[in-house]
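As a plain string of letters, each chain reads:
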Amino acid sequence: MITSNFYNVVMQPTTLCNADCEYCYLPLRHKNMLMDVNVAKAIAEAIEVQDAPYTVPLVWHGGEPLVTGLKRFRELIMCFEPLRKKGLVKHHIQTNGTLITDAWCKFFTEFNFQIGVSIDGPSWANAQRVDWLGKPIYDMVIRGIECLKRHNIPFAVISVIKEDTIEQVDELYEFFSTIGCVQWNLNIEEVEGTNKGTAQYVDDDRIQTFWKRLFSIWRVNPVIAIREFNYVLQYADSVLRGQKDGTAEDLKIDPFPTIGYDGNVVLLSPEFAGIESEKYGDFVVGNVLTDPLSEIITRSIKASYVGEYQQAINMCAESCPFFGFCAGGQASNRYFEHGTIAVTETAYCRNSRQRLLTAVVESL
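Residues numbered from 1 in each chain as written. Predicted model: local features only at pLDDT ≥ 70, side-chain atom pairs only at ≥ 80, totals over all residues. Heavy atoms only, no water.

1. Quick notes on the side chain of Asn-185
No. 1: As for its position among the elements, Asn-185 is in strand S6 (residues 183-188).
No. 2: A distance of 2.8 Å separates the side chain of Asn-185 from the side chain of Gln-183, its partner in a polar contact.
No. 3: Not counting residues up to four positions away in its chain, the partners in contact with Asn-185 are Ala-156, Val-157, Ile-158, Ser-159, Arg-227 and Glu-228. (Helix = DSSP H or I, 4+ residues; strand = E, 2+ residues; numbered from the N terminus. Polar contact = N/O pair within 3.5 Å; in protein donor to acceptor, adjacent residues only side chain to side chain. Contact = heavy atoms within 4.5 Å.)

Below, the structure is given as structure tokens:
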């Protein structure tokens, strides 16, 4: 069931991005709308009031978060500093890496940020990652990564796997195993937001071949962690220990609030921020400048799209043999692929859960 407690919060310090990647799903990335400090204060208060017995990750995700500027970002961060020192929050940031400097690295170190850098592989694999003039940003990303390494800041990378990279498994792994990252996170390109599907979009058995080959290479030389294989191996461990997969009723679903620059709240998927839908409206369920986040979440569990997601999870639990591993997938994939959340299987399910698990199991 969807819980009234939140376990993660996504923060949008700015809508602007200095890149214009062809497959980006963000609808407002051309506008520089900055988060007000009062929004950050409201979220800090919500975390303190919740008083959960766990650390809440704050995921700073734009736009490009570093476009916010160091001065404004520090003002936002300071709202959470008492909570961070108590171990109640942990800062994460997802960045394209192009704006990382020595000053930013000192900031990351000071506030103990966990860093994720978006990069799809060697330069040829990043052809769709360009600035607003259409120029490649690859060299700027590498420069940012080198800056992180000089400051001994661990970082993960996240990559989009596309038509032009799906069969280049060996070269991709060689690249990421030597670039200095501690973990490689993979996203098979998805139909989301303003990315409605391109010639790069893949949904066929090549995905399973990709996972199988990557797992084979990684087993021989596991020099970096791979998020997707961690998921599978943790699941396999629980099965071998005789733990049940559970049911939809047993499942605790994080409402996963995303807080927009203006304090607006959407639930379940960050990809809903800034989206307009004929069926669901703007997905906004409240604003933290007028109501406490806990109250917004409690009453919004009855919102139409949230209710449909719960129904979809129940349908998945009843019909899908992968439910124990997948736990129902993402609300955003349902909507952007089918125009409704009240459906079960999506391309995301097939590519990033079913084909992944099948490939690893067959390899083992």
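Okay, back to it.
2. Re helix H8 (residues 227-240)
No. 1: Along its 14 residues, H8 runs 20 Å from first to last C-alpha, staying within 8% of the 20 Å computed at 1.5 Å per residue.
No. 2: Among the residues of H8, those classed as buried are Arg-227, Glu-228, Phe-229, Val-232, Tyr-235 and Ser-238.
No. 3: Those residues of H8 hidden inside the fold are in contact with strand S5 (155-161), S6, helix H7 (206-220), strand S7 (225-226), helix H11 (323-326) and helix H13 (347-363).
No. 4: Of the residues one or two after H8, Gly-242 is the one with positive phi, at around 80°. (Expected span 1.5 Å × (residues − 1). Buried < 20%, exposed > 50% of the residue type's maximum accessible area, 1.4 Å probe, protein only.)

3. Observations concerning the packing of aromatic side chains
No. 1: Under the counting rule described, the total for this entry stands at 31 aromatic pairs.
No. 2: For the ring pair Phe-272 and Tyr-335, a centre distance of 6.3 Å and an interplane angle of 70° mean the geometry is edge-to-face. Here Phe-272 is found in the loop between strand S9 (264-266) and strand S10 (286-287), whereas its partner Tyr-335 is found in helix H12 (residues 331-338), with 63 residues between them in sequence.
No. 3: Residue class for Tyr-335 comes out buried when judged on its relative accessible area of 12%.
No. 4: Site record: aromatic cluster; members linked through ring pairs are Trp-60, Phe-73, Phe-80, Trp-104, Phe-107, Phe-108, Phe-111 and Phe-113.
No. 5: Cation over ring: Arg-353 sits above Phe-325, and NZ or CZ is 5.6 Å from the ring centre. (Phe/Tyr/Trp six-rings, centres within 6.5 Å; stacked < 30°, edge-to-face > 60°. Lys NZ or Arg CZ within 6 Å of the ring centre and 35° of its normal.)

4. Concerning the sheet that holds S6
No. 1: Across the sheet, which stays open at both edges, the 10 strands sit in the order S7-S6-S5-S4-S3-S2-S1-S8-S9-S10 with mixed pairing between neighbours. Across the chains shown, the open sheet's two edge strands, defined by having one partner strand only, are S7 and S10.
No. 2: In the sheet, strand S3 (residues 89-95) pairs with strand S4 (residues 114-118) via four bridges, with the strands oriented parallel. In the sheet register, Gln-94 faces S4, and the bridge partner there is Gly-116.
No. 3: With respect to the sheet, helix H5 (residues 138-150) is in contact with S4 and S5, its orientation differing from that of S4 by roughly 160°. (Pairing = 2+ DSSP bridges. Axes fitted to C-alpha atoms, helices over the stretch in contact; angles between N-to-C directions.)

5. Observations concerning the confidence of the model for the chain
No. 1: Predicted confidence across the chain gives a mean pLDDT of 90, with 94% of residues reaching 70 or more.
No. 2: Here H11 stands out as the element of the chain with the lowest mean pLDDT, 88, in contrast to helix H4 (residues 102-110), whose mean of 98 is the highest. (pLDDT = per-residue confidence, 0-100.)

6. Side note on the pattern of salt bridges
No. 1: This structure, assessed with the given rule, holds 20 salt bridges.
No. 2: In this structure, Lys-162 engages Asp-120 in a salt bridge whose closest nitrogen and oxygen atoms are separated by 3.5 Å. You can see Lys-162 sitting in the loop between S5 and helix H6 (169-178) and its partner Asp-120 sitting in the loop between S4 and H5, a full 42 residues away along the chain.
No. 3: By relative accessible area, which is 0% here, Lys-162 ends up buried.
No. 4: As a salt-bridge pair, Glu-362 and Lys-212 come within 2.7 Å of each other at their nearest N and O atoms. With Glu-362 in helix H13 and Lys-212 in helix H7, the pair connects residues that are 150 residues apart, well separated along the chain. (Salt bridge = Lys/Arg side-chain N within 4 Å of Asp/Glu carboxyl O.)

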